[in-house]
Structure formats: structure tokens, C-alpha cells
Amino acid sequence: MSQGEGGRGPGTVPWHPAHLVPAGLAAVAGLAVVLATQRHGLDWTDESFVWVMIASDRVAVGEAWGFQHLLHPVWVALGERVLPMRLLRVAGYLAVSGILTWAAARVLCASGVDLVRRERWFVLLVAQTGTLLAFGYPPRYLGYNELSAWTSAVLCALLAVGLVPRRRDDGSLARVLPWAAAGLLLPLLVVAKFTAGLAWMPVVALLLVVTVPGTPRWRRLVAVLAGAVSSVWALLVAGVPAVTVARNAMGLLGDGSAQEASDHSISTVLETYLDSTVLTGRALAIPALLLLVLALLCVRTPRPRVAAAVVGLVVAGFVAARLTWPWAVAGDWDGLGVVTAALGLCGAAAVLAGPATLPPSAPRPRLLLVLLGALVTPLLASVGTNNAIWAHTVFSATAWAVLAGVALCLLARTAPAPVRTAPLLLGGLLVAVTATAVAYDLTVHPYRSTPYLAQTTPTTVPALAGLRLSADQAATADWLRSVAQEQGAADLPAVALNSPGHLLALDASGWASPWRGGSWEASVGRACEDAPPRDLLVVEPAEPAARVSVERDRLVSALDGCGLAFPGDFVAVAERDGTTVWRLAPGGGG
């Protein structure tokens, strides 16, 4: 029997292209659902907050936001509409999966392992688990989480290519270009999400110390610095207040009261991360054991055995079943966080497959650094969130997905013939698991909304053109649009109590933060003190009554600091179903 038919060996790819079918069908089905639902629904909390920030391009004094400055030109170029931005979000995740797949294939080629076309397609298909996870629960905005995830992924790809250059890349330019590009991205990441940018800096510094034959340390350092300086210069020339963003973020790191107001105190965040790690670790115990069994079957089975093949297929099925129920269908951060962590765990199996597939000349220490870098990339992109950190990797799991695809390819290479199907089937099942999460998000637990396809009513709000909302939301949006026209609100400062969605439909004002809570109160007070408004609109929604009441009290306190009384200095200019639009009366506060 030839090696290609039943033997084993690192240089052979003895599986049929038909093995791509499960992953291909699951990826196409999942992405089709994602695309079909982009025009349906709108989250009036988190998603609307991001759109207001981008549309207004507000300088968030006292807040650690800068992503809006990077995305505002894109928003304008795409017609200042939500739907094209959503489609750009889909395209962004697809592009990142392609970039990471290219980088993985290039690094392996430089190490003596040349992935053939079907293997590259397999890795790319498994990479779509990262794309689908981003649409399995989170709000469908294009904001700081996406910019952080994409920039971190591209940084990972560039640093990997820089650490393991191809032998034919003898020119100094080809070898230092990835490092210069990494330097270009760091300032962008700092502006997009300061904490993630800060977390990446020591990683880049550490990798600059590593010896890379043919690329001296000083040359890599100069390339990174040149890229960073060029990026900062370009940001400043483009009018991005990068210095203000960095100063605000640094100030918040040392301001305990501001951290408490925004629910981002360092102690609370660290406690949340620890709880998330414990929960995820416990949930992964069974999948981890099953993945280890599968890896050992591939690596240690001495010759073709039907029993080993059957066990491998059963193990792959059990892994997928365990991740699907309850985690992929749970409809919460923690559930999908377990799925993303399982991808990283599967990617770590490359450690077991590597010795059997890599030639003796492979730069193993640097490959190990590449593996570790890919493993920490989703976590680095998530640093700074006050949510469970493993769950937050739903935004940034593509690096783990690509690593999982590579590991499964290598396991298939090293496994005897009957066992090869198991890791390839597992790849397809992982894509199916995440497609299931998308389906459940569509039908069972859409993010703070009703089932997407049930929302079919258009609205006249320009920013929401092309979208279909629930009948009630569309009526509210249309009413707010008519109020804005009647009041000439295009350039008026405005705030909405507890509902960025109401503000988006009215005029997307950036006078104060569109979010809620203590940071919103501080933002209103700061804006009022800096420039007491001569005119001001306030939207007071009817629901949820308890939260609106709390935000009303915050508004009263904030406006009192600049001599305005709410609602005493305001008049009600419109009302619908308990929702009221107030306007500062002429001479109000005087």
C-alpha cells in the first residue's frame, strides 16, 4: 500500500477533497443566514450607542473612546447609514480570516510544511467559526470591539510572518516590512481600544528581542518605530485627536472614581476575568479530555486500525455535541465563551502534531512563539472589557479558529489512513456548531430585540434606511424623525434617557455621551460646564420606567451644575405613548 493510500507521513495529504464538504456546507449556510438578516432589527442600547458615537464623531473628554474618529470617515463614505456598516462588518471578518489563513500557510511553508490547496481551503473554512461566532450573540455594530479584534489579528499575522520569514525573502525590505506594518497598526489600536493597544506593546517589545536569522534586532526595532511614528503623523494630519484619546485613557487608569462610574474599576474587572476563567475552565474539562484522546489517536496509533477510526469519529462527534448543548445554544456570553476557548484548545493540539510533521530544519523555538502569540491574540484584543473575558473573545476568536484548522490539518497528516477522517470531520462539526449559534441568535435570543426576520417595517430615519424594524420601533423612530424636523434639531444638542436608540433616531447628537449610568451623568455635567447650552433637547422614553427614572435623576443632578433645572426650565414639545421630548425654554436657566 502506498503512503498516499494508507500509510502516514508529514509530506503526504492523503485525504479526499470531499472531506471539505461538511465544513463548506456549514460555513455557507451560516454565512447565508448572517447576510440575510443584516437588514433586520436594531438594538437600541449597545448597537445604537456605537452608531451615535460614530455619526457624531464626538471627542469623548473624560472617556476612553477613540474608535469613532477612525470610523466616522467610513460612515460618511458609506452614506451615513447603518446597513452598509453592518455589511462592512461581515466583510471585515471574512477578510481577517483570509489574512490569518495566508499567514499560517506562509509560516508553515517557511518551516518546511507546504499546505496544499485543499488544506488551505480547509483552514479557511474552519476559520469561519471565528466569523460566525461574532454573529452568534453580540450586537451587530462595527465599533471598538471589531477594530480591536481585526487589528490584533493582523498584528498576529504580521508578527508571525516576521518571526519566521521565508528563505527566499533575502532582501532586507521583505524581512522588515512586516515589522514596519506592525508599527503602523499599534497607534491605530491605541486609538481604537486603548487597553488592547497597551496590552500589545510589551508583546511586540518581547518579540523584538528574539533572534531572527537575517533580520537584526536593530533593523526590526527601527522598522517598528518608523511605522509607529508614520501612523501617529498620519492620524494627526487626518484630524484624529489621538493625543486627546491617549491622555483621556491614561487619566482614567489612575482615576478610581471615573472607573467606578463606568463599571470599569480595575479590581472589579480582574475579579470578573477570574470568575470567567474558572467557569470556562470547568466547562472545558470534558471537551479537553476528548480533544486529547483524538490527538493521541492521530499521533500514536501505529498503523491503520478500524477501531481507532471509529473511536476518533465518536470522539469528534462528542466534542461537537458537548459544545452545541448547552453552550452554543445558550444565548449568553459565557456559553459562546466556552466554544471560543475550545477553538483555542483545539489549536493548541498543534503542539502534539508538530513533532511528527515538521522537518528537522524547522525553526521550532520561533514556531512555538508564533503558536503562543496566536493563542493570546483573542485575549489581548479583549483586555479592558468589564464583561467575562473568555466570553468577550467571540469578537476576536478568528486567530484561534485558524490555529484549530491548522492543528486539525497536521493531525490528519500524521494519522494513519482510517483515522484521518476524524480531525477533518471535527473541523466541519466546529463550523456547524457556530452556525447553530447563529441560527439560535436569529430565532430564539436576538440581542435585546425580537426575532430578526419578524421585523419587517421600514423607517424614514435616514441613518436606518434599508433596515426593517418591529412595527413599534419603526413607528417610534418615524415619530422622532418628524419631531426632529419640526424642531429643527439637526444641529441642536440633545440627550436621551437610558436609550441611545432614541437619540440615534432624533439627531445622533454628540453633545454628551449617548450611554447611561454614572459616566453619562459626568459627561452631561462636563459638557454643561464647558459650554452651557442655549438650547437642548431631552428625550424621555416611557420604558423601562425604573431605569429611565434613575437616569432622570442623574440628568437633574448634572444640569443643576450649570444652572439648569429639569424639567422646570424645559417645555414638552412632543409626546407619544408616554415618551416625551423636552426642549429648553427660551431664557431657561437664566
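Residues numbered from 1 in each chain as written. Predicted model: local features only at pLDDT ≥ 70, side-chain atom pairs only at ≥ 80, totals over all residues. Heavy atoms only, no water.

Any covalent bond linking the sulfur atoms of two cysteines counts as a disulfide. Tallied over the entire structure, the rule returns one disulfide. For Cys528, the disulfide goes to Cys562, at an S-S distance of 1.4 Å. With a gap of 34 residues between them, Cys528 in helix H23 (residues 518–530) and Cys562 in the loop between helix H24 (545–560) and strand E3 (570–576) connect regions that are remote in the sequence. Each of the two residues, Cys528 as well as Cys562, counts as buried. Of the cysteine sulfurs around Cys298, a residue in no disulfide, the closest is that of Cys346, at 10 Å. With relative accessibility at 0%, the residue Cys298 sits in the buried group. (Disulfide = S-S within 2.5 Å. Helix = DSSP H or I, 4+ residues; strand = E, 2+ residues; numbered from the N terminus. Buried < 20%, exposed > 50% of the residue type's maximum accessible area, 1.4 Å probe, protein only.)

Let us look at the sheet that holds E3. Spatial strand order, E1-E2-E4-E3: four strands in an open sheet with mixed pairing. Each having just a single partner strand, strand E1 (494–496) and E3 make up the two edges of the open sheet. Going across the sheet, the axis of each strand differs from the next one's by a mean of 20 degrees, ignoring polarity. As paired strands, E1 and strand E2 (residues 537–540) are joined by three bridges and run parallel to one another. Considered in E2, the bridge of Val495 is made with Val538. Strands E2, E3 and strand E4 (579–584) of the sheet are contacted by helix H21 (residues 471–487), whose axis makes an angle of about 140 degrees with E3. (Pairing = 2+ DSSP bridges. Axes fitted to C-alpha atoms, helices over the stretch in contact; angles between N-to-C directions. Contact = heavy atoms within 4.5 Å.)

Here we come to the packing of helix H17 (residues 364–382) against helix H19 (residues 398–414). Between H17 and H19, whose axes approach to 7 Å, the crossing angle comes to 145 degrees. Along its contact with H17, which presents Leu371, Ala374, Leu375, Thr377, Pro378 and Leu379, the element H19 presents Ala399, Trp400 and Leu403. Of the residues in the contact of H17 with H19, the class split is eight nonpolar, one polar and no charged. (Nonpolar A, V, L, I, M, F, W, Y, C, P; charged D, E, K, R; others polar.)

Before going further, it helps to spend a moment on the pattern of salt bridges. Counted by the stated rule, this structure contains nine salt bridges. Here Asp535 ties to Arg583 by a salt bridge, and the two come within 2.6 Å at their closest N and O atoms. With Asp535 in the loop between H23 and E2 and Arg583 in strand E4, the pair connects residues that are 48 residues apart, well separated along the chain. One exposure class covers both Asp535 and Arg583, and it is buried. Glu551 is the salt-bridge partner of Arg554, the closest N and O atoms lying 2.6 Å from each other. Here Arg554 pairs with Glu551, and both are found in helix H24, just three residues apart, close to one helical turn. What makes Arg554 partly exposed here is its relative accessible area of 24%. Using a relative accessible area of 4% as the deciding quantity, one classes Glu551 as buried. Bridged by salt links that share partners, the residues Glu521, Glu551 and Arg554 form one connected network. (Salt bridge = Lys/Arg side-chain N within 4 Å of Asp/Glu carboxyl O.)

All right, on to the nonpolar core then. Trp51 and Trp200 are the most contacted members of the largest nonpolar core, which totals 174 residues. When residues no more than four places from it in sequence are discounted, the contact partners of Trp51 are Leu42, Trp75, Val82, Met85, Arg86, Arg140, Tyr141, Leu142 and Leu504. Listed in part, the 20 residues of the second largest apolar core include Val495, Trp520, Ala527 and Leu555. (Core = buried A, V, L, I, M, F, W, Y, C linked by side-chain atoms within 4.5 Å.)

In the predicted model, the protein carries a mean pLDDT of 92, and 96% of its residues have values of at least 70. Per-residue pLDDT stays below 50 along residues 1–10; that stretch engages in 30 contacts with residues further than four places along the chain or on separate chains. (pLDDT = per-residue confidence, 0-100.)

What follows deals with the environment of Asp535. Judged by relative accessible area, which is 18%, Asp535 ranks as buried. In sequence terms Asp535 and Leu492 are 43 residues apart; their C-alpha atoms lie 6.8 Å from each other. Ignoring any residue separated from it by four or fewer positions in sequence, one finds Asp535 in contact with Leu492, Pro493, Arg583 and Leu584. A distance of 2.6 Å separates a polar atom in the side chain of Asp535 from a polar atom in the side chain of Arg583. (Polar contact = N/O pair within 3.5 Å; in protein donor to acceptor, adjacent residues only side chain to side chain.)

Turning our attention to a nonpolar patch on the surface. On the surface, Leu289, Leu292, Val293, Leu296, Val311 and Leu352 cluster together into a nonpolar patch covering about 460 Å² of accessible area. With four residues, helix H13 (residues 285–300) is the largest single contributor of residues to the nonpolar patch. Looking at where Val311 falls in the secondary structure, it is placed in helix H14 (residues 306–328). You can call Val311 partly exposed: its relative accessible area is 37%. (Patch = residues over 30% accessible without salt bridge, like charges linked within 9 Å, V, L, I, M, F, W, Y side chains within 5 Å. Areas by Shrake-Rupley, 256 points an atom, 1.4 Å probe, with all protein chains shown as cover.)

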